[in-house]
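Here is how the chains run, residue by residue.
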Amino acid sequence: MNYERLTDKFTVIGGPCSAESKAQVLRVAEGVKQSGGDVFRSGVWKPRTSADSWQGAGKEALPWLKEAKRRFGIALAIEVMSSQQLESALEYGIDLVWVGARSGTHTPLLDVVGQLTQNGQTIVMLKRGMGAKLRDWVGAVSYIHKYHSRIVLCERGITGPGTETRNVLDLQTAWLAKQETKLPVIIDPSHAAGRRDLILPMSRAIKAAGFDGLLIEVHPNPDRALTDAKQQLTLKQFGFLTENLKAIPSSNESFGNEIK
Ligand code: PEP
Ligand code: MN
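Values in this document were obtained by computation on a predicted structure and should not be read as measured data.

The rules behind the values
Per chain, residue numbering runs from 1 following the sequence as it is written. Written order decides the labels, with chains lettered from A and ligands numbered from 1. Under the rules for a predicted model, residues below a pLDDT of 70 receive no local features and side-chain atom pairs below 80 are neither given nor counted, while totals for whole chains, interfaces and linings still include all residues. The side-chain numbers reported here are obtained from all heavy atoms of the structure, hydrogens and water having been left aside. Each metal's donors are the N, O and S atoms within 2.8 Å of it, or within 3.2 Å when it is Na, K or Ca, and because water is not part of the set, sites may look incomplete. Helix numbers and strand numbers start at the N terminus; a helix is a DSSP run of H or I with at least 4 residues, a strand a run of E with at least 2. Summary of the burial criterion: residues with accessible area below 20% of their type's maximum are buried, those above 50% are exposed, and those between are partly exposed, where the area comes from a 1.4 Å probe applied to protein chains only. A pair of strands is labelled paired if DSSP reports no fewer than 2 bridges between them. Lines fitted to C-alpha atoms define the axes here, with helix axes fitted over just the stretch in contact, and angles between the N-to-C directions of these axes take values from 0 to 180 degrees. Any pair of residues with heavy atoms lying within 4.5 Å of one another is described as a contacting pair. The nearness test applies per residue and asks whether one of its heavy atoms lies within 4 Å of the molecule or strand. In protein, a polar contact requires one atom able to donate a hydrogen and another able to accept it; more generally it is a pair of N or O atoms within 3.5 Å, and residues adjacent in sequence count only if both atoms are side-chain atoms. Exposure was quantified through the Shrake-Rupley algorithm and a 1.4 Å probe, taking into account, for residues, occlusion by the shown protein chains and nothing else. For each structure, a 1 Å grid was placed over the protein atoms alone; sets of points admitting a 1.4 Å probe that cannot get out are labelled cavities, open sets with protein on both sides within 12 Å along at least five of seven lines are labelled pockets, and lining residues have an atom within 4 Å of a point. Assignment of a molecule to a cavity or pocket requires that more than half of its atoms lie within 2 Å of the corresponding grid points. Throughout, the ten residues Ala, Val, Leu, Ile, Met, Phe, Trp, Tyr, Cys and Pro are labelled nonpolar, Asp, Glu, Lys and Arg are labelled charged, and all others, Gly among them, are labelled polar. Aromatic contacts are taken between Phe, Tyr and Trp rings whose centres are within 6.5 Å, Trp giving its six-membered ring; a plane angle under 30 degrees counts as stacked, one over 60 as edge-to-face, and the others as tilted. Orientation is classified from the angle alone, with under 35 degrees giving roughly parallel, over 145 giving roughly antiparallel, 65 to 115 giving roughly perpendicular, and any other angle giving oblique. Two helices cross in a left-handed way if the nearer one is turned anticlockwise from the farther one by less than a right angle. They cross in a right-handed way if the turn is clockwise. Grid points are joined across faces, edges and corners, and a volume is the space filled by probe spheres set on the points. Definition used for salt bridges: Asp or Glu carboxyl oxygen within 4 Å of a side-chain nitrogen of Lys or Arg.

Caption draft 1: Quick peek at the coordination of the manganese ion (ligand 2). Here the manganese ion (ligand 2) is held by Cys-17 (SG), His-191 (NE2), Glu-217 (OE) and Asp-228 (OD), and the distances to it run 2.0 to 2.3 Å. When the donor residues of the manganese ion (ligand 2) are listed from N- to C-terminus, their spacing reads C-x173-H-x25-E-x10-D. Remark: Glu-217 occurs in strand E8 (residues 213-217) and Cys-17 occurs in the loop between strand E1 (11-15) and helix H2 (22-34); sequence separation between them is 200 residues. Look at Glu-217 and you get buried, because its relative accessible area is 0%.

Here it is as structure tokens:
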């Protein structure tokens, strides 16, 4: 996948929180592609709070993803948390690797991600940590930037006071990150909201504001999902969302702070 394509148009990344089976991966990848999605995302190794929880399908899922790419011609995105995981991802032709909200302060990982993706076309996406300030997020960029600049940022919500939503979607800081770094900024309302009913209205706002794309979790049967069941859309809802967004123009205007 070409990095320039990410900056040229409003990019939609869709897919399940976790790859659960080959059938599930193929079904969602086909649906995401048919609905006009640009990239298929999927968790392979999952960052879980407890070691007793399911940790994801792991390396076994990589051939499922590769087959989805071959069959449907869709680019692939996964999270990596270690250099071994990254090496496997590169071996299987993953187009975009992301560093998740829990790993962005681990600078040796950032360094190795930059180093191992230096040659080739692989894109690196840096998700903002749930408590990361703008300078923390921009600081993480500098570790990759030492090696190359195929970098995308992703805002996924920060910890807030409420219990109704999982996190608070912070579009203000996301816009400042876009201004400061001049990098594309993709917004993930799925992990920000943690609930399905907020995904469509937030997505409409995100596109209208002028961000560079969306990351949306999609599952064939969300209520039975092994991770993040409450926030994943059905394939039908994802199709409705991409169709609905077509009518929203993507702006990119903003005032500076100085009055000229
Ligand atoms: C994910 O995208 O599946 C994920 C674990 O996200 P985050 O790192 O933003 O929590
Ligand atoms: Mn998830």
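Caption draft 2: The sheet that holds strand E4 (residues 96-99), seen in detail. What the 8 strands build is a closed barrel, ordered E1-E2-E3-E4-E5-E6-E7-E8; its pairing is parallel. When strand polarity is set aside, the average angle formed by the axes of neighbouring strands in this sheet is 25°. Where strand E7 (residues 185-187) lies against E8, 2 bridges are found, and the strand directions are parallel. Within the sheet, the bridge partner assigned to Ile-187 lies in E8 and is Leu-214. Sheet strands touched by helix H3 (residues 62-72): strand E2 (39-41) and strand E3 (75-79). Its angle to E3, the strand with the most contacts, is close to 155°. This element, helix H9 (residues 199-209), spans E7 and E8 of the sheet and lies at about 165° to E8.

Caption draft 3: Expanded view of the site of ligand 1. Around ligand 1 sit Arg-41, Lys-46, Pro-47, Glu-79, Trp-98, Gly-100, Ala-101, Arg-102, Lys-127, Arg-156, His-191 and Glu-217, and those are all the residues in its vicinity. At 2.8 Å, a side-chain N or O of Lys-127 approaches an oxygen atom of ligand 1. Here an oxygen atom of ligand 1 sits 2.6 Å away from a polar atom, N or O, in the side chain of Arg-156. Taken by itself ligand 1 offers 300 Å² of open surface, and the protein chains cover 97% of this. Here ligand 1 occupies the largest pocket. Counted by class, the shell around ligand 1 contains 3 nonpolar, 2 polar and 7 charged residues.

Caption draft 4: Local environment of the packing of aromatic side chains. This structure, assessed with the given rule, holds 1 aromatic pair. Ring geometry for Trp-175 against Phe-211: centres 5.1 Å apart, planes inclined by 80°, an arrangement best described as edge-to-face. Highlighted residues: Trp-175 in helix H7 (residues 171-181) and Phe-211 in the loop between H9 and E8, separated in sequence by 36 residues. With a relative accessible area of 3%, Phe-211 lands in the buried category.

Caption draft 5: Spatial organisation of the packing of helix H5 (residues 107-116) against helix H6 (residues 134-145). Where H5 meets H6, the axes come as close as 7 Å, and the angle between the chain directions of the two elements is 40°. Regarding the angle of H5 to H6, the classification is oblique. Along this stretch, H5 crosses H6, giving a crossing that reads as right-handed. Where H5 approaches H6, its residues Thr-107, Leu-110, Asp-111, Val-113 and Gly-114 are matched on the opposing element by Ala-140, Tyr-143 and Ile-144.

Caption draft 6: How the structure looks around the layout of surface pockets. Space inside the largest pocket adds up to approximately 280 Å³. Lining of the largest pocket is provided by 18 residues; of these, Pro-47, Arg-102, Arg-166, His-191 and Asp-228 occupy positions nearest its centre. Of the residues assigned to the lining of the largest pocket, the class counts are 4 nonpolar, 4 polar and 10 charged. In this structure, the second largest pocket occupies an estimated 200 Å³ of space. Every residue lining the second largest pocket is listed: Lys-9, Phe-10, Val-12, Ser-35, Gly-36, Asp-38, Lys-207, Gly-239, Thr-242, Glu-243, Leu-245 and Lys-246. Here the lining of the second largest pocket gets 4 residues from one element, more than from any other, and that element is helix H10 (residues 235-245).

Caption draft 7: Quick look at the pattern of salt bridges. If you walk through the whole model with that rule in mind, you get 15 salt bridges. Between Asp-38 and Lys-9 there is a salt bridge, with its nearest N and O atoms 2.5 Å apart. Of this pair, Asp-38 sits in the loop between H2 and E2 while Lys-9 sits in the loop between helix H1 (3-8) and E1, placing them 29 residues apart in sequence. When its relative accessible area of 9% is taken as the criterion, Asp-38 is described as buried. Since its relative accessible area comes to 36%, Lys-9 is described here as partly exposed. Taking the shortest distance from any N to any O, the salt bridge between Glu-217 and Arg-41 comes out at 3.3 Å. A residue pair is termed long-range when its members are at least 10 positions apart, and Glu-217 in strand E8 and Arg-41 in strand E2 qualify at 176 residues. Each member of the salt-bridge network shares a partner with another, and the members are Arg-5, Lys-9 and Asp-38.

By themselves these figures say nothing about function.
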